[in-house]
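So the chains spell out like this:
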Amino acid sequence: MTERGNGEMAEGLRALAHPLRLRLLSLLTRHAMSAAEAARAVGESQANVSYHLRRLHTAGLLEVVEEVSVRGGRAKRYRHDPESGERVGATARAEHQLLAAALGEELRRRTGERVVGAPDALTDAELWVDPEVWDRALAMARELGALLHDAAKPPHHEGAVRVAATVVLFELDAV
């Protein structure tokens, strides 16, 4: 990969490594919103959300799907392509740790909103497996992500259940 390519990937990873940006990506999966609409949905200021949307767009994680007229001005409506995350990588462990910290913070926030007693699933492991098993696990995680993202409904859609999913799989050094 070129040096420029590594820099672009690192920028994408840094863009992901912020809890509000993770929330915005989830919110904008399959459904376009302007900064004002997204700000109302996440309870943040429009200026703050607009800044973070621009950072995500610059990193290639959001696309502008339309521009609409609003009170004599123009508002961009953004949507997240879940597959864009596959193009983001890290060139250093510190970048992975930055993303992990943001994921941890977002998981704590979501856990505070969970329905206690509702069905859930949890797995945690640090172990050794055959390469074929690892490849299959990665494929299944990607399939799970695609299933959830493809089925995403707009916020507060009648009959839809609000859920959280965080899946992080990675290979460890052979210590």
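The rules behind these values
- Once a new chain begins, its residue numbering starts again from 1 and follows that chain's sequence as written.
- pLDDT decides what is reported in this predicted model: residues at 70 or higher carry local features, side-chain atom pairs at 80 or more are listed and counted, and totals for whole chains, interfaces and linings draw on all residues regardless.
- Water and hydrogen atoms play no part in the side-chain values, which are based on all heavy atoms of the structure.
- In this description a helix means any DSSP run of H or I spanning at least four residues, a strand means any run of E spanning at least two, and both kinds are numbered starting from the N terminus.
- The rule is simple: take the accessible area with a 1.4 Å probe, protein chains only, and divide by the maximum for that residue type; under 20% is buried, over 50% is exposed, in between is partly exposed.
- We call two residues in contact when some of their heavy atoms are within 4.5 Å.
- Each accessible area value is a Shrake-Rupley result obtained with a 1.4 Å probe; residue values ignore everything except the protein chains displayed when judging cover.
- Take a side-chain nitrogen of Lys or Arg and a carboxyl oxygen of Asp or Glu: if they are within 4 Å of each other, that pair is a salt bridge.

Moving on, we get to the overall build of the protein chain. Scanning the protein chain from terminus to terminus reveals 6 helices and 2 strands. When the helices and strands of the protein chain are placed in sequence order, the string is α-α-α-α-β-β-α-α. The buried share among the 175 residues of the protein chain stands at 26%. For the protein chain, long-range pairs separated by at least 24 residues make up 66% of all intrachain contacts whose partners lie at least 6 apart in sequence. Accessible surface, the protein chain as shown: approximately 12500 Å² in total, 53% of it carbon and sulfur.

Quick look at the pattern of salt bridges now. All chains considered together, the criterion is met by 10 salt bridges. Salt-bridge contacts for Arg77 lead to Glu66; the nearest nitrogen and oxygen are separated by 2.8 Å. Of this pair, Arg77 sits in strand β2 (residues 73–80) while Glu66 sits in strand β1 (residues 62–70), and the two are 11 residues apart along the sequence. The exposure class of Glu66 is partly exposed, given its relative accessible area of 33%. One salt bridge connects Asp120 with Arg114, and the closest N-O pair in it is separated by 2.4 Å. Residue class for Asp120 comes out exposed when judged on its relative accessible area of 55%. Ionic contacts of the salt-bridge type, sharing partners, join the residues Glu106, Arg109, Arg110, Glu113 and Arg162 into one network.

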